[in-house]
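Residue-level structural notes
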2 protein chains.
Amino acid sequence: MDKNSCIGVFDSGIGGLTVVKGIVDSLPNEKIVYFGDTAHVPYGTRSKRQVVKYVLDDVDFIKQYDIKAIVIACNTADSLARAKVEEENPDIPVFGVVHPASKRAAAMTKNNKIGVIATKATANSKAYDRAIAKYNPAAQVFDVGCPLMVPLAENGRFELGDIVPETVVQEYLDPLVAEGIDTLILGCTHFPLFTDIIREHYPDLQLISSSGAAAENLKEYLTAHDLLRTEPGGDHKYFVSDDASLVEDIAHYFMGKALDSHVEQISVG
Amino acid sequence: MDKNSCIGVFDSGIGGLTVVKGIVDSLPNEKIVYFGDTAHVPYGTRSKRQVVKYVLDDVDFIKQYDIKAIVIACNTADSLARAKVEEENPDIPVFGVVHPASKRAAAMTKNNKIGVIATKATANSKAYDRAIAKYNPAAQVFDVGCPLMVPLAENGRFELGDIVPETVVQEYLDPLVAEGIDTLILGCTHFPLFTDIIREHYPDLQLISSSGAAAENLKEYLTAHDLLRTEPGGDHKYFVSDDASLVEDIAHYFMGKALDSHVEQISVG
C-alpha cells in the first residue's frame, strides 16, 4: 500500500455514506471503495455473533482492492466487531467511528455528562462507555438505543416540522436531557440527518457526529503517516450486496447529493 | 406424511406468528414447526433475487421435519418466491397468505375497490393485483408499500392514542380511502397489530387479515384431504436464525401471549 492506495469503507447499508461525505469533503484527492451490505442490513437489531460474521465478509470484499486503510463506517459494526477486524488484519490500519466521537465528546463536555444515541446493538454493547472512559474517566455516559430512527431516516422522515420524527426523537432524547447531559454523540451513521430536529428542540446541546469525527480522525492519521494522496480527483466506487436500485434513490439523503458514480451489486458470504 | 405430520411455517422474522396464532386457534391439535429467518429480516425492503435465495434456505430447514404442509407466513416471501417454492417441492402442498386474503376480499367487496397495505417488495410485485384479478376480474386494486409499519410493530408502537403510528397509518391509508375502497387487505403479517387504529379512523372499511385468511384456508385444505390431526395437544417448535433472546421479548405482540415453548437458534444459508 502507498499514497495512491484506496480507502476502504464499509457499512451495513448506506448510512456509512455520511462518513464518505466527511472523507470526500476533507480529503477530495482520495480514492474510496465503499461497500454497503444491503443484503443483511440492518446490523443494529442483530446479535454480536451475527454482526461479526457479516463484518468479516465485508472486510474480505473490501480487501480485494489495494487499500491503505479500512474504515468501519457503522457504529454497530465498530462496537461489536472492531477487535475481530483488527485481529484478522494486522497489516492494515483500521479506523472506526466510536473512538473518534468518544475522544471529541470527552474533551468537549463541561459537566462530564455525555449522551449517546445509537442502535440497540451499539447501546447494549457499551462500546461508547468504554471508549469515553478511556479519554475522560470522570465522564458519566447515558446511552439509549433508538430503533425507530434508522427506518425513519431511510424513508426520508427527518425534516423539521414532521411530527413523526419530532415525536420519536424527543421520546429518545428527553430522558437523556433530564439526566443533565451537555454533549450528545450521534452514535449511528444515520443520525446526522436528524441534526435540525435535535438543534431545534435542544439548542444548548453540543452535538458530535460520529461520521464527521471519523473522517477527521482518518485525515489526522494519513497526514501524520505521509499517506495523503496528492494527485487531484480520486475516484469513488460504490458496491452493495443487494439490488443497486434499492439504494440509488435514497443515497442522496446521506451524501447530501447524488452519488458521483454508479452503484454495483456484488455477492458476499 | 400423514395426519400426525407437522405443519411447517416460515417467515422472515416473527410477524408470521400472527399466522401461527390463527392456526393454533382453529387447529389446536396440530403440531407446528416455525422458522423465523431473523438473521436476514426484513425481507420487505429487499430484491426478489435476494428474497428467493433466503426463502429456499428457509424451506430447506423446515423440510428437515416430517411436514404435511408448508405455510409461507410472510406476504413478501409469498409474493416473490411462491412459484419457486412450489417448483422445488412438488410433493408437499404449499400454502401462502396472498391468495386466501385475495379470495376473501374479492368476495367481500361491494364496490369492487380493494386496498392493499403491504411491504414495498410485496406492493411492487403486484402479487395481490394478480391474485384478486383471478377471483374477481372486475375489481380495482390499490396497493401501497408501508415501510414504516414493520419497525413500528416490532417496537410495540401500534396502540390507539399513540400519535406516531396513528399519523403513519393515516398517511398510508388516506390516499386509498380517497380512491373509494370499501375493503382493505392487511397484506403483511405484522399489520393485524394496527387493527384498532385502522378501525378507529376508518370504521366503514371491511378489514381482511392475510394471517387469519391463511389459517382458514389451511384448515379447509386439511379437512377436505382428511389430514387433520385428531390427537389432542400438538406441540409447537420455534426456531430463528439469529439470537433467540432478540425475539422472545416481542413475540407476544404477534401471538397475543407468550410462546408456549422456547425459541432455539439455528444456522441457515
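Residues numbered from 1 in each chain as written. Chains lettered and ligands numbered in written order. Predicted model: local features only at pLDDT ≥ 70, side-chain atom pairs only at ≥ 80, totals over all residues.

1. Thoughts on the overall build of chain A
- Looking only at helices and strands, chain A has twelve helices and ten strands in total.
- Over its C-alpha atoms chain A spans a radius of gyration of 17 Å, differing by no more than 12% from the 18 Å that the globule rule assigns to 269 residues.
- Structurally, chain A occupies a C-alpha span of about 50 × 40 × 35 Å along its principal axes.
- A sequence separation of at least 24 residues applies to 78% of the contacts in chain A between residues at least 6 apart. (Helix = DSSP H or I, 4+ residues; strand = E, 2+ residues; numbered from the N terminus. Rg over C-alpha atoms; globule rule 2.2 N^0.38 Å. Contact = placed C-beta atoms within 7 Å.)

2. Considerations on the interface of chain B and chain A
- On the chain A side, the residues contacting the 16 residues of chain B number 16 residues.
- A per-element tally of the side of chain B that touches chain A places helix α8 (residues 163–178) of chain B first, with four residues.
- Partitioned by chemical class, the residues of the side of chain B that touches chain A number eight nonpolar, five polar and three charged. (Nonpolar A, V, L, I, M, F, W, Y, C, P; charged D, E, K, R; others polar.)

3. Brief notes about the domain arrangement of chain A
Residues and elements named next belong to chain A.
- By the assigned domains, chain A splits into domain 1 (6–96 + 213–265) and domain 2 (98–210).
- Computed over C-alpha atoms only, the centres of domain 1 and domain 2 are separated by 21 Å.
- Each side of the interface is counted separately: domain 1 has 25 residues, and domain 2 has 26 residues.
- When residues of the side of domain 1 that touches domain 2 are traced back to their parent elements, those giving at least two are α1 (17–26), α3 (75–88) and α10 (210–224).
- Of the residues forming the side of domain 1 that touches domain 2, the biggest block, five residues, is contributed by α3.
- Looking at side-chain class alone, the side of domain 1 that touches domain 2 contains eleven nonpolar, ten polar and four charged residues. (Domains from an automatic or database assignment.)

4. Regarding the sheet that holds strand β4 (residues 94–95) of chain B
Residue and element names in this part refer to chain B.
- Strand order across the open sheet formed by six strands is β4-β3-β1-β2-β9-β10, with parallel pairing between neighbours. Two strands lie at the open edges of the sheet, namely β4 and β10 (263–265), each paired on one side alone.
- For strand β1 (residues 6–11) and strand β3 (residues 67–72), the ladder comprises five bridges, and the chain directions are parallel. In the sheet register, I7 faces β3, and the bridge partner there is A69. (Pairing = 2+ DSSP bridges.)

5. Structural notes on the relation of the copies chain B and chain A
- Superposing chain B onto chain A takes a rotation of 180 degrees combined with a translation of 0.0 Å along the rotation axis, leaving an RMSD of 0.0 Å. Here the copies are linked by what is in effect a two-fold axis.
- An overlap of 100% is found between the interface residues of chain B and their copies at the interface of chain A, pointing to a shared contact surface. (Least-squares fit on C-alpha atoms with pLDDT ≥ 70 in both.)

6. A look at α3(A)
Residues and elements named next belong to chain A.
- Under the 1.5 Å per step criterion, the end-to-end length of α3 is 19 Å for 14 residues, consistent within 8% with the ideal 20 Å.
- The largest bend along α3 reaches roughly 70 degrees and is located at A81.
- Buried residues of α3: N75, T76, A77, D78, S79, L80, A81, R82 and V85, and no others. (Expected span 1.5 Å × (residues − 1). Bend = angle between axes of the 7 residues up to and from the residue. Buried ≥ 20, exposed ≤ 12 C-beta atoms within 10 Å, placed from the backbone.)

7. A look at the sheet that holds strand β7 (residues 183–187) of chain A
All names here are of chain A.
- Ordered by their spatial adjacency, four strands build an open sheet running β6-β5-β7-β8, and the pairing between neighbours is parallel. The open sheet has two edge strands with one neighbour each: β6 (140–145) and β8 (206–209). Neighbour-to-neighbour, the strand axes of the sheet open up by a mean angle of 20 degrees, direction not taken into account.
- Where strand β5 (residues 113–118) and β6 come together, six bridges link them in parallel fashion. Looking at β6, one finds that G115 is bridged to F142.
- Lying over the sheet, helix α6 (residues 127–135) contacts β5, β6 and β7, oriented at roughly 160 degrees with respect to β6. (Axes fitted to C-alpha atoms, helices over the stretch in contact; angles between N-to-C directions.)

8. Quick word on the nonpolar core
- In terms of nonpolar packing, the biggest core is built from 168 residues, with V71(A), I72(A), M149(A), V71(B), I72(B) and M149(B) touching the most fellow members.
- With sequence-adjacent residues up to four places away left out, V71(B) is seen in contact with I7(B), G8(B), V9(B), V19(B), F95(B), A214(B) and L218(B). (Core = buried A, V, L, I, M, F, W, Y, C linked by C-beta atoms within 7 Å.)

9. Notes on unusual backbone geometry
Residues and elements named next belong to chain A.
- Of note, the bond from V41 into P42 is cis; its omega dihedral lies within 30 degrees of zero at -5 degrees.
- Summarising the element assignment, P42 is placed in the loop between β2 (32–36) and α2 (48–62).
- One non-glycine residue, N112, lies in positive phi territory at about 60 degrees.
- Of note, N112 is situated in the loop between α4 (98–108) and β5.
- Among the residues examined, N112 registers 17 C-beta atoms within 10 Å and is labelled partly exposed.
- Despite not being glycine, K126 shows a phi value in the positive range, around 60 degrees.
- One can find K126 in the loop between α5 (120–125) and α6.

10. What to know about the environment of G161(A)
All names here are of chain A.
- With respect to the element layout, G161 can be found in the loop between α7 (149–154) and α8 (163–178).
- Look at G161 and you get exposed, because 9 C-beta atoms sit within 10 Å.
- As a C-alpha pair, G161 and I197 span 36 residues in sequence and 8.3 Å in three-dimensional space.

11. As for the environment of D174(A)
- Take D174(A): it is sitting in helix α8.
- As a C-alpha pair, D174(A) and H201(A) span 27 residues in sequence and 9.7 Å in three-dimensional space.

12. Some points on the confidence of the model for chain A
- Confidence along chain A averages 96 in pLDDT terms, with 100% of residues attaining 70 or more.
- Two numbers describe this predicted complex: its pTM, 0.95, and its ipTM, 0.94. (pLDDT = per-residue confidence, 0-100.)

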